[in-house]
Amino acid sequence: MPQLTGERVRLSAVQCADVQQVLDYYQRNRQFLQPWEPLRDAHFYTHEFWMTELAAREQRLAEGTGISFGVLHQHSNELIGFCNFSNIVRGVFQACHLGYALDQRFEGQGFMSEALALGIGYVFEQLHLHRVMANYMPANLRSAAVLARLGFVREGYASRYLKINGVWEDHILTALINPDPTL
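Computed from a prediction, not measured in an experiment: that's the story for all the values here.

Conventions and cut-offs
- Residues numbered from 1 in each chain as written.
- Predicted model: local features only at pLDDT ≥ 70, side-chain atom pairs only at ≥ 80, totals over all residues.
- Heavy atoms only, no water.
- Helix = DSSP H or I, 4+ residues; strand = E, 2+ residues; numbered from the N terminus.
- Rg over C-alpha atoms; globule rule 2.2 N^0.38 Å.
- Buried < 20%, exposed > 50% of the residue type's maximum accessible area, 1.4 Å probe, protein only.
- Contact = heavy atoms within 4.5 Å.
- Areas by Shrake-Rupley, 256 points an atom, 1.4 Å probe, with all protein chains shown as cover.
- Pairing = 2+ DSSP bridges.
- 1 Å grid on protein atoms, 1.4 Å probe; cavity = no way out; pocket = protein on both sides within 12 Å on 5 of 7 lines; lining within 4 Å.
- Points joined across faces, edges and corners; volume = space filled by probe spheres on them.
- Axes fitted to C-alpha atoms, helices over the stretch in contact; angles between N-to-C directions.
- Disulfide = S-S within 2.5 Å.
- Parallel < 35°, antiparallel > 145°, perpendicular 65-115°, else oblique.
- Left-handed = near helix turned anticlockwise from the far one by under 90°.
- Nonpolar A, V, L, I, M, F, W, Y, C, P; charged D, E, K, R; others polar.

(A) Expanded view of the overall build of the protein. Scanning the protein from N- to C-terminus turns up 5 helices and 8 strands. When its helices and strands are written in sequence order, the protein yields β-β-α-α-α-β-β-β-α-β-α-β-β. Relative to a compact globule of 183 residues, whose C-alpha radius of gyration would be 16 Å, the protein shows 16 Å and is just as compact. Here the C-alpha coordinates of the protein stretch approximately 45 × 35 × 30 Å along the principal axes. The buried share of the protein, taken over its 183 residues, is 44%. The contacts of the protein with a sequence gap of at least 6 include a subset with a gap of at least 24, amounting to 62%. Carbon and sulfur atoms form 53% of the exposed surface of the protein, whose accessible area is close to 9400 Å².

(B) Local environment of the pairing of strand β7 (residues 153–164). In this structure, β7 lies alongside strand β8 (residues 167–177), joined through 8 bridges in antiparallel fashion. Paired with G156 across the two strands is L173, which belongs to β8. Linking β7 to β8, which pair antiparallel, is a turn of 2 residues; within it N165 sits at a positive phi near 50°.

(C) Seen up close, empty space enclosed by the protein. Enumeration over the complete set of coordinates arrives at 1 cavity of 30 Å³ or more. Each pocket or cavity is described by its volume, and for the largest cavity that value is around 30 Å³. Lining the largest cavity are A13, V14, R57, E58, L61, I67 and S68. Breaking the lining of the largest cavity down by element, the ones donating at least two residues are α3 (47–63) and β3 (67–73). Looking at the lining of the largest cavity element by element, the count peaks at 3 residues for α3.

(D) Just the sheet that holds β8, in detail. In spatial order, the strands read β1-β2-β3-β4-β5-β6-β8-β7; together these 8 strands make up an open sheet with mixed pairing. Edge positions in the sheet fall to β1 (3–5) and β7, since each of these pairs with one other strand and no more. Pairwise comparison of adjacent strand axes, ignoring direction, gives a mean angle of 25° for this sheet. Here β3 pairs with strand β4 (residues 79–89) via 6 bridges, running antiparallel. Counted as the bridge partner of V71 is G81 from β4. This element, helix α5 (residues 141–149), spans β5 (95–102), β6 (131–136) and β8 of the sheet and lies at about 160° to β6.

(E) Focus on the state of the cysteines. Under the criterion given, the structure shown has 0 disulfides. Here C16 is not disulfide-linked; the sulfur of C83 is the nearest cysteine sulfur, at 20 Å. Left unpaired, C96 is separated from the closest cysteine sulfur, that of C83, by 9.3 Å. Assessed through its relative accessible area of 0%, C96 is described here as buried.

(F) Fine view of the packing of helix α1 (residues 19–28) against α3. Direction vectors running N to C along α1 and α3 enclose 120°, while the axes themselves pass 10 Å from each other. Looking at the two axes, α1 sits oblique to α3. α1 and α3 meet at a crossing whose hand is right-handed. On α3, the residues touching V19, Q20, V22, L23 and Y26 of α1 are H47, W50, M51 and L54. When grouped by side-chain class, the residues that make up the contact of α1 with α3 number 7 nonpolar, 2 polar and no charged.

Put into structure tokens, the structure is as follows:
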């Protein structure tokens with residue numbers, strides 16, 4: 001299982017053994033994340049749901065189609081967020097989508113920028129992907145700033161792109177290209 005270490009965070013591929021930490025994270029951040037995520041029913045916040053979901057994430061990792069990193073605080077080992085590389089496509093595309101979320105208590109302190117830099121470094125250097133795509137709602141200024149700081153370039157605008165919190169929301173489409181021209 002991949003583990004990446006930074007100055008203040010550590011990324012670790014989530015597993016079924018992490019179920020209680022994952023459940024605690026989502027219960028703790030339920031209201032905070034609601035405006036930025038799909039509608040979640042009560043089942044989402046159960047041990048049963050997360051055992052099934054984490055098993056599916058382990059399967060995607062084994063198949064090479066996705067990797068879901070838990071973002072752990074380096075000193076406390078507390079799960080403070082996620083950094084997900086999904087829809088990994090090989091062949092002539094060599095790309096994936098990036099999604100991420102951070103515990104409300106750690107916003108605005110550079111933790112997500114550090115975590116994403118580690119994760120992106122991994123998918124570029126170890127998985128040899130060429131492109132990482134990330135999309136955000138125009139109102140999500142924090143997300144826009146994190147992506148800009150990491151070098152993501154705006155490539156487009158998608159009207160009513162994803163159903164977030166029960167509403168089809170527009171999204172700004174961005175991408176980061178691997179700086180290694182041979183990949």
